[in-house]
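# Examination of the molecular architecture
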Amino acid sequence: ARVRVLVPDRLAAARKVPLVVALHGAGGSENMFFDAYGDGRIVALCRERGWMLVAPRVGFMGTPVSAVVAALAERYPLDREQVFLIGHSMGAGVGQQLVAKDPAAFRAFAALGGGSGLKDASGLASEPIFVGAGERDFGRRGAESLHKSLVAGGSSVAQLKIYPACERLMIVVDALPDLLAWWDGLLAGK
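Now for a description of the structure that goes with this document. (Residues numbered from 1 in each chain as written. Predicted model: local features only at pLDDT ≥ 70, side-chain atom pairs only at ≥ 80, totals over all residues. Heavy atoms only, no water.)

## Observations concerning helix α6 (residues 170-187)
Applied cut-off: A run of H or I in DSSP counts as a helix once it spans at least four residues, and a run of E counts as a strand once it spans at least two, with each numbered from the N terminus. Helix span is expected to be 1.5 Å times the residue number reduced by one. The bend at a residue is defined as the angle formed between two axes, one fitted to the seven residues ending at that residue and one fitted to the seven starting there. The cut-offs for exposure are 20% and 50% of the maximum accessible area for each residue type, with area from a 1.4 Å probe on protein chains only; residues under the lower value are buried, those over the upper are exposed, and the others partly exposed.
With 18 residues, α6 should reach 26 Å at 1.5 Å per residue; the first-to-last C-alpha distance of 26 Å fits that figure. In the structure, α6 departs most strongly from a straight axis at leucine 176, where the bend amounts to approximately 45° and where the proline proline 177 lies between one and four residues downstream. Three or more residues of α6 are buried, namely Ile171, Val172, Ala175, Leu176, Leu179, Leu180, Trp182, Trp183, Gly185 and Leu186. Glycine 189, located one to two residues past α6, shows a positive phi value of around 85°.

## Some details on the layout of surface pockets
Counted only if it meets this: Buriedness for pockets is judged along seven lines, at least five of which must meet protein on both sides within 12 Å for an open set on the 1 Å grid over protein atoms alone, while cavities are sets there where a 1.4 Å probe fits but cannot get out, and lining residues have an atom within 4 Å of a point. Grid points are joined across faces, edges and corners, and a volume is the space filled by probe spheres set on the points. Gly is placed with the polar residues, together with every amino acid not listed as nonpolar (Ala, Val, Leu, Ile, Met, Phe, Trp, Tyr, Cys and Pro) or charged (Asp, Glu, Lys and Arg).
What the largest pocket holds in volume is close to 270 Å³. As for the largest pocket, its lining consists of 14 residues, of which Val65, Ser66, Asp102, Ala105 and Phe106 are closest to the centre. Residues that form the lining of the largest pocket fall into these classes: eight nonpolar, two polar and four charged.

## Side note on unusual backbone geometry
At arginine 10, a residue that is not glycine, the phi angle is positive and equals roughly 55°. Relative to the elements of secondary structure, arginine 10 occurs in the loop between β1 (3-6) and β2 (17-23). Overall, arginine 10 belongs to the exposed group, its relative accessible area being 78%.

## Re the sheet that holds strand β5 (residues 108-112)
This is how it is decided: A pair of strands is treated as paired once DSSP finds two or more bridges between them. What counts as an axis is a line fitted to C-alpha atoms, over the stretch in contact for a helix, and the angles between N-to-C directions run from 0 to 180 degrees. In this analysis, two residues are considered to be in contact whenever any of their non-hydrogen atoms come within 4.5 Å of each other.
Spatial ordering of the open sheet is given by β1-β3-β2-β4-β5-β6-β7, a layout of seven strands whose pairing is mixed. If you trace the sheet from one side to the other, it starts and ends with β1 and β7 (159-163), each paired once. Across the sheet, the mean angle separating the axes of adjacent strands is 15° when strand polarity is ignored. Bridging between β2 and strand β3 (residues 52-56) involves three bridges; their strand directions are parallel. The partner of valine 21 across the bridge, within β3, is valine 54. Seen against the sheet, helix α4 (residues 90-101) touches β2, β4 (78-88), β5 and β6 (129-134) and runs at an angle of roughly 140° to β4. Contacting β2, β4, β5, β6 and β7, α6 runs over the sheet at an angle of about 155° to β4.

So, in structure tokens, the structure goes:
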């Protein structure tokens with residue numbers, strides 16, 4: 001799999017670190033989160049926290065996220081209990097499928113500007129899922145449908161935020177501060 005990886009400075013074998021898996025949208029590549037969305041804003045936010053970041057190339061058939069995480073865990077001191085998944089547009093849809101298939105593999109999931117309603121979301125009722133879309137984002141309807149299905153499936157922890165005056169590509173940049181603050185809170189047990 002083609003990936004880009006951020007390995008934090010001063011990584012110590014004795015201290016396991018969280019991992020963020022970032023899935024780009026259609027027409028993009030593993031470079032989107034590193035270079036495009038907000039000039040790689042998520043890279044700086046992960047670096048500040050000492051977290052690892054991996055962005056695999058995503059195709060319409062998905063991406064081998066579990067194999068990528070396993071390969072990284074063989075080489076680096078990852079906290080496999082703290083794997084955060086973020087997807088934009090098509091990446092949100094792929095992430096949604098990954099979480100639905102194996103919710104225990106991820107500490108939390110964020111679908112930005114994408115996703116779709118699930119027929120039965122009851123298996124995700126207790127999973128921390130953040131759904132964000134721009135007010136002017138054509139992916140907003142799918143994001144709202146995803147959130148609605150999570151609530152219908154019994155979730156009281158799924159969050160939906162619509163960002164005012166925000167469009168398709170800016171949703172990632174606009175949502176990152178809220179998203180990272182939310183992940184920080186999850187790590188702190190809040």
